[in-house]
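# A look at the structure
Okay, here's what each chain looks like letter by letter:
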Amino acid sequence: VTTQTMVRAVSVGDGKGKENGGGGPAGFPKQCGSDLEATCPVGCAAAGACTAVTMATSRSKEYASFREGVARKTISTEFRGENKEWKIYEYGPKTVRSPLIFLPPASGTADVYFKQMVALGGESYRVISVDPPPFWTHTDFNEGFRLMLDQLGLDRVHLFGASLGGFLAQSFAQHTFRSQRVLSLFLTNTFADTACFRDQAYNGMYAWMPAFMLKRIILANYPQHVMEAGIADSVDFMVERLESLTQAELSARLTLNCLESAIDPHRLNNIPITILDVFDDCAVSTRVREELGKYYPHAKVANLKTGGNFPYLARPDEVGLHLKVHLRPFLDTKFSPAV
């Protein structure tokens, strides 16, 4: 593990300075303090040093090529008299009528799936990754997402969701089970019941909390130990994406994360599901992930030895392989996500 990786890994520490006697995140040198504390996502005195680290993923040629080649677009829909703007990345042939759509975790943005989009889009899959606008109930999200699909002229889609995105993917499949708008689900590090989050200390207060506090709540679930390089890079990238989210986006997502709701698995019985699970540390507990498997006994399970919270960034090749296996039964059918 390189020194750079160690610095990145502790940049989301607990601020108590366990290894240096205080003044910064665990393991961070005291002398790297800065007067930029107010802008640090974790409110630590090492903000200057945190932001000085070279972020391997966001500075990579692959990410630069993605941003240059795939424009971010805005899809506007009217929802109950209010204009809602969805930010999306789209790649691949538009002749495909049943694309794969990615829903990000609470702390992520649409571009966290850029590695899957580049790989699949290059193989003639149509892939779309979305940043949803703020919604405050699951029903509102489902109706808003339906309107966005209607705007794009999409009747049937495949969904990939991680964490909150995975729950919302299940929720939308349940919401539209009569019209069968969801053809398949690919889920990772997610849950089927929000009960595991309802005892959060600030539950019900997110709408009134400032952005920096909301970011600290999310970052408290990030790993606070030294990680191998690929996983450390994935954490770095997610911290950067988190910084780009507004107070409204963060508070709405945390509210959806904790709002009482559970999926009725019987409504998803006819939908092909793949659950991607990791064996190493993850913010979603082992118990919660095991419960997800019990909800869908018909689901296929793909296991990764390591991958952390964000396997789609840390282990993109393995995730891509499992994703193509998941979508293979639809190829050469009218619901194919590729040409």
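Description of the structure in this document. These figures come from a predicted structure and were not determined experimentally.

Turning our eyes to something else, we now look at the packing of aromatic side chains. Two aromatic rings, taken as a pair, are described by how far apart their centres are and by the angle between their planes. Following the criterion strictly, the structure yields 24 aromatic pairs and no others. When the centroid spacing of 5.8 Å and the interplanar angle of 40° are considered together, the rings of Trp-86 and Phe-145 count as tilted. Here the residue Trp-86 occupies a position in strand E2 (residues 82-91), and Phe-145 occupies one in helix H5 (residues 138-152), the gap between them amounting to 59 residues. Each member of the pair, Trp-86 as well as Phe-145, carries the same accessibility label: buried. Geometrically, the ring pair formed by Phe-160 and Phe-186 is stacked, given 5.0 Å between the ring centres and 20° between the ring planes.

Okay, the packing of helix H7 (residues 211-219) against helix H9 (residues 247-258) next. One way to put it is that H7 packs onto H9 with a least axis distance of 9 Å and a crossing angle of 45°. Compared by their axis directions, H7 and H9 come out oblique. The element H7 and its partner H9 pack so that their crossing is left-handed. On H9, the residues that touch Ala-211, Leu-214, Lys-215 and Ile-218 of H7 are Gln-247, Leu-250, Ser-251 and Leu-254. Grouping the amino acids of the contact of H7 with H9 by side-chain chemistry returns 5 nonpolar, 2 polar and 1 charged.

Turning next to the side chain of Gln-174. When you line up the elements, Gln-174 lands in helix H6 (residues 164-175). Under the relative-accessibility criterion, Gln-174 is labelled buried at 15%. Discounting residues that sit within four places of it in the chain, Gln-174 has contacts with Ala-262, Ile-263, Asp-264, Arg-267 and Leu-268.

As a further point, take the pairing of strand E8 (residues 300-304). Side-chain positions along a regular strand alternate between the two faces of the sheet. In this structure, strand E7 (residues 273-278) lies alongside E8, joined through 5 bridges in parallel fashion. In the sheet register, Leu-276 faces E8, and the bridge partner there is Ala-302. Assessed by its sense of winding, the connection that carries the chain from E7 through helix H10 (residues 286-295) to E8 is right-handed.

Time to look at the nonpolar core. Formed by 90 residues in total, the largest nonpolar core has its most connected members in Trp-86, Ile-101, Phe-102, Phe-145, Leu-159, Leu-185 and Tyr-296. Residue contributions to this core peak at 7 residues, all from helix H8 (residues 229-243). For Phe-145, the contacting residues outside a window of four places in its chain are Trp-86, Ile-101, Leu-103, Leu-159 and Phe-172.

Taken as a whole and judged by the stated rule, the model has 0 disulfides. The cysteine Cys-258 is free of any disulfide, with Cys-196 supplying the nearest cysteine sulfur at 8.7 Å.

For H7, the full list of buried residues reads Leu-214, Lys-215, Ile-217, Ile-218 and Leu-219. Contact partners of the buried residues in H7: H8 and H9.

Moving on, we come to the environment of Asn-189. Secondary-structure assignment places Asn-189 in the loop between strand E6 (182-188) and H7. For the pair formed by Asn-189 and Phe-310, sequence separation is 121 residues and the distance between their alpha carbons is 8.2 Å. Discounting residues that sit within four places of it in the chain, Asn-189 has contacts with Ala-162, Ser-163, Leu-276, Val-278, Cys-282, Val-284, Arg-289, Gly-308, Asn-309, Phe-310 and Pro-311. In terms of polar contacts, Asn-189 uses its side chain to reach the backbone carbonyl oxygen of Gly-308, at 3.1 Å.

Consider a sheet: its strands pair through backbone hydrogen bonds, and that pairing is either parallel or antiparallel. Ordered by their spatial adjacency, 8 strands build an open sheet running E1-E2-E4-E3-E5-E6-E7-E8, and the pairing between neighbours is mixed. Looking at the sheet topology across the chains shown, the edges are occupied by strand E1 (72-79) and E8. Between one strand axis and the next, the sheet turns through 25° on average, direction left out of account. As paired elements, E2 and strand E4 (residues 127-131) share 5 bridges and run antiparallel to each other. Each bridged residue has a counterpart across the sheet, and for Lys-87 the counterpart in E4 is Asp-131.

What counts, and where the lines are drawn
- Residues numbered from 1 in each chain as written.
- Predicted model: local features only at pLDDT ≥ 70, side-chain atom pairs only at ≥ 80, totals over all residues.
- Heavy atoms only, no water.
- Phe/Tyr/Trp six-rings, centres within 6.5 Å; stacked < 30°, edge-to-face > 60°.
- Helix = DSSP H or I, 4+ residues; strand = E, 2+ residues; numbered from the N terminus.
- Buried < 20%, exposed > 50% of the residue type's maximum accessible area, 1.4 Å probe, protein only.
- Axes fitted to C-alpha atoms, helices over the stretch in contact; angles between N-to-C directions.
- Parallel < 35°, antiparallel > 145°, perpendicular 65-115°, else oblique.
- Left-handed = near helix turned anticlockwise from the far one by under 90°.
- Contact = heavy atoms within 4.5 Å.
- Nonpolar A, V, L, I, M, F, W, Y, C, P; charged D, E, K, R; others polar.
- Pairing = 2+ DSSP bridges.
- Right-handed = clockwise from strand over helix to strand, strands pointing away.
- Core = buried A, V, L, I, M, F, W, Y, C linked by side-chain atoms within 4.5 Å.
- Disulfide = S-S within 2.5 Å.
- Polar contact = N/O pair within 3.5 Å; in protein donor to acceptor, adjacent residues only side chain to side chain.

Bear in mind that shape data such as this cannot, by itself, settle questions of function.
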